[in-house]
Amino acid sequence: MDFSLSEEQQLLRDAIARFVASEYSFAARTQAIATPRGWSERMWAQFAELGLLGVPFPEAHGGFGGTAVDVMVVLQELGRGMVVEPYLATVVLGGGVVNLAGAASQKQDILPRLAAGKWLLALAHGEPQSRYDLHDVSTTARREGGGYVLNGRKAVVLHGATADTLIVTGRTGGGQRDRQGITLFLVDAKSRGVGVTDYRTIDGLRAADVALDGVHVGAGAVLGPVDAGLPLLERAVDLGAAALCAEAVGVIEALNAATLEYLKTRQQFGQPIGRFQALQHRAVDMLIHAEQSKSMACLAAVKAQSDDAAERRRAVSAAKSLVGRAGRAVAKEAIQLHGGMGVTNELPAAHLAKRLTMIDFWLGDSSFHTERFATG
Amino acid sequence: MDLTYTPEEQAFREAVRAFVRANLPRDIAEKVLGHRALVKDDWVRWQDLLARQGWLAGHWPKEHGGRGWTPVEHHLFDEECAAAGAPRLIPFGLNMVAPVIMQFGSPWQQEHYLSRIRENKDWWCQGYSEPGSGSDLASLKTRAERRGDRYVVNGQKTWTTLAQYADMIFCLVRTDATVKKQEGISFLLIDMHSPGVTVRPLILYDEEHEVNEVFFDDVEVPAENLVGEAGRGWTYAKFLLGYERTGITGVGASKRELQLLKEIASLQTKSGRPLAEDPVFRARLAQVEIDLIALETTLLRVLSARDKPGPEASILKIAGTEVQQALTELMMEALGPAAAPFSRRAIEEGGPAAPFAPAYAAPLAARYFGWRKVSIYGGSNEIQRNIIAQHVLGL
């Protein structure tokens, strides 16, 4: 039983923490969000230089052969800095699917470019009706000639508009909610028939709705087994959910630190408001949420790599459920304890609270994962 | 990071499991798993068995006659015992006064008392709370006056758990009323059989005789029973409370209770189906189970990182007692109207509390009410939050 980070992991953590502290100011973030693409290419290039973009990929494909625990270390620090660049979309989710499902040639084609910061991915699986169910796919993938024709709508695709390649789920068989018959496709975002509408999300990121109208792809676009893509997608999304738990821990810790600072400096009735017991106890509950979330992020990272699907699902869902609940509670308390300042646009803590709340809405919220945990 | 038990730890767990399976008396396990009331003999028999095996104080350092178990091994021991339906070990000697005596006691106290605790010869109880000193423990008034080689003790303790069985009590007493309240307190070990000690039952609303009032009228205590220095009792008391709180976490017992809750939910019905399949109930149960996983993971994170409890013990106390209370609440709710029938006889001797009710239902409402105490004792959960606010957050 060992929860400690290896020396390499500590070095990785410290390097990112230093980088975020010196380069990733709140002002720079705000500026990046206001650009047309919504994040900074310069920052992305620096992530590549730091080696962050290849962390979970095999060394043979330009990566660093890292584990989900290494990804956890990265995401905690990125969370602390409220980083808006498409790390989760490209490296964890997109890269994760390619790494798990791709043929060697597909990995060799995509992962080195991705690790170098020269290629972006997005996972386009959600649909307007699917909510958090990965198996709910109505997008059709009809065989034609040697390839497929895709038709359907993909909703709230994280960083969908900046992706070079979209990873799309399509039905090659079965009904809309069948587990069988789902196939993963690599779709060039510039393909004819791909209509991407970019928009902002409430927490400072970008997402897109993607319309697929008769998009032709070749047989080489199929990622993983035909009709049986779901288990691989689930695995990648579990890794993504574990990464989100880690990001949440970073956000919670940053938000708790900011709130504590405010409690110690804000004066009312002639004393720091942190002297009031009603507020102290709420701050303690925030700390308890942080500690429990940290434990669960570790558990999720370690178990997300498990080959035992039941064990993996159970741990990841327990973690995402608890962290989702904890994160939303911390966000609400932080806003309340900051008083009116907590709802202003200038305050970093307010943006931390928004991100923390919305983490629960990606890859399954607390209720979804509680149900998934209960039903196994 | 490696969240698996080592082969040595797994072997340790197996050894504990085999011993418990072979030795835990069936009648005791049935009582514990059926949530029935225990009597002194139940605890004594089980603790004697462990003492003979050398495991009662297995987590003590070897220099004090323990086996030097790591905190993780101690947790595994606790978990295996709890899972099989062993009674919770009485912590007052084993886990509370013993660490204080090891750290601050005289060689004679270590030689005499530690061996008797290890061998289950003395039943200890805790003399902390007083009628006027609950959360504000340092305001305590029980006086100990030094007269030659003795102390003379006068005053009253309350909420004293199982004092009716106790041979010894460790007491916080005031030896100096002229200094700051924390600085006038001393830590005294008192023989419960001394003249002038009176124990009066305090029956709680589940009609259980678990706690007592203890009165001291001119009780003479040899000065050699003072632990450490006079006036340093508050320091020792706080040291001890860290151990008390870690112990209250109760992960092993909560894991057992969760299993029992699942069994009850599969036996009870709602809308013609097992309650366990009801989506609302299932979601609430899952939430408690998830909280318990988080608690266990946090406990293991703390245990694997250090060996002495710090302020994080307060976090574990809060989170642990919240899970325990949620479990007792769901267990009572699972019964529906069958929660209402009440019979002390059923709780003590087994059997149903009403003709058409199952026997397992009889103790569960009383248990729910009884379990409200866990967020009150050992320093109420609000006091724990004060401690964390002060010592961890610096507020």
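Up top is the structure.
Reference entry: report on the structure contained in this document. (Residues numbered from 1 in each chain as written. Chains lettered and ligands numbered in written order. Predicted model: local features only at pLDDT ≥ 70, side-chain atom pairs only at ≥ 80, totals over all residues.)

The number of helices and strands found in chain B is 13 helices and 10 strands. Computed over its C-alpha atoms, the radius of gyration of chain B comes to 22 Å, within 12% of the 21 Å expected for a compact globule of 395 residues. Relative to its full complement of 395 residues, chain B shows a buried share of 46%. In chain B, 72% of the contacts between residues at least 6 apart in sequence involve partners at least 24 apart. (Helix = DSSP H or I, 4+ residues; strand = E, 2+ residues; numbered from the N terminus. Rg over C-alpha atoms; globule rule 2.2 N^0.38 Å. Buried ≥ 20, exposed ≤ 12 C-beta atoms within 10 Å, placed from the backbone. Contact = placed C-beta atoms within 7 Å.)

Our next topic: the overall build of chain A. When you go through chain A residue by residue, the secondary structure sums to 11 helices and 10 strands. The C-alpha atoms of chain A give 21 Å as radius of gyration, which agrees with the globular expectation for 376 residues (21 Å, within 12%). Structurally, chain A occupies a C-alpha span of about 80 × 45 × 40 Å along its principal axes. Across the 376 residues that make up chain A, the buried fraction comes to 55%.

Moving on, we come to the interface of chain A and chain B. Where interface size is given, it is often the accessible area lost as the parts come together that is meant. With 29 residues of chain A at the interface, the matching set in chain B holds 28 residues. Secondary-structure elements contributing two or more residues to the side of chain A that touches chain B are α7 (230–265), α8 (277–304), α9 (309–337) and α11 (366–375) of chain A. Residues of the side of chain A that touches chain B, tallied by class, amount to 18 nonpolar, eight polar and three charged. (Nonpolar A, V, L, I, M, F, W, Y, C, P; charged D, E, K, R; others polar.)

Residues and elements named next belong to chain B. With five bridges connecting them, strand β2 (residues 143–147) and strand β3 (residues 150–161) associate as antiparallel partners. Bridge assignment links Ala 144 to a residue of β3, and that residue is Val 153. Linkage of β2 to β3, two consecutive antiparallel strands, is achieved through a turn of two residues, within which Gly 148 is found at a positive phi near 65°. Bridging between β3 and strand β7 (residues 211–222) involves nine bridges; their strand directions are antiparallel. Across the sheet, the residue bridging to Val 152 is Glu 220, located in β7. (Pairing = 2+ DSSP bridges.)

Glancing now at the packing of α8 of chain A against helix α13 (residues 381–391) of chain B. When two helices pack together, their arrangement is given by the angle between their axes and by how far apart the axes lie. Where α8 of chain A contacts α13 of chain B, the axes come no closer than 9 Å and their chain directions differ by 80°. As summarised for this structure, α8 of chain A and α13 of chain B are arranged roughly perpendicular, according to the angle between their axes. Mapping the contact onto sequence places Gln 280, His 281, Ala 283, Val 284 and Leu 287 of chain A in α8 of chain A and Glu 382, Arg 385, Ile 388 and Ala 389 of chain B in α13 of chain B. Tallied by class, the residues present in the contact of α8 of chain A with α13 of chain B amount to five nonpolar, two polar and two charged. (Axes fitted to C-alpha atoms, helices over the stretch in contact; angles between N-to-C directions. Parallel < 35°, antiparallel > 145°, perpendicular 65-115°, else oblique.)

A few words now on the packing of helix α5 (residues 91–104) of chain B against helix α6 (residues 107–118) of chain B. Residue and element names in this part refer to chain B. Look at α5 against α6: their axes get within 10 Å of each other, and the N-to-C directions meet at 165°. What the angle tells us is that α5 and α6 run roughly antiparallel. The two elements α5 and α6 meet at a crossing, and its hand is left-handed. Counting all contacts with α5, which are made through Gly 93, Leu 94, Ala 98, Ile 101 and Met 102, the residues of α6 involved are Gln 109, Gln 110, Tyr 113, Leu 114 and Ile 117. (Left-handed = near helix turned anticlockwise from the far one by under 90°.)

Here Met 82 of chain A, not a glycine, exhibits a phi torsion of approximately 55°, which is positive. Positionally, Met 82 of chain A belongs in the loop between α4 (68–80) and α5 (87–101). Phi angles above zero are rare outside glycine, and Trp 159 of chain B is one such case at about 55°. Mapping Trp 159 of chain B onto the fold places it in strand β3. The exposure class assigned to Trp 159 of chain B is buried, which follows from the 21 C-beta atoms found within 10 Å.

All quantities given are derived from atomic positions and should not be read as evidence of function.
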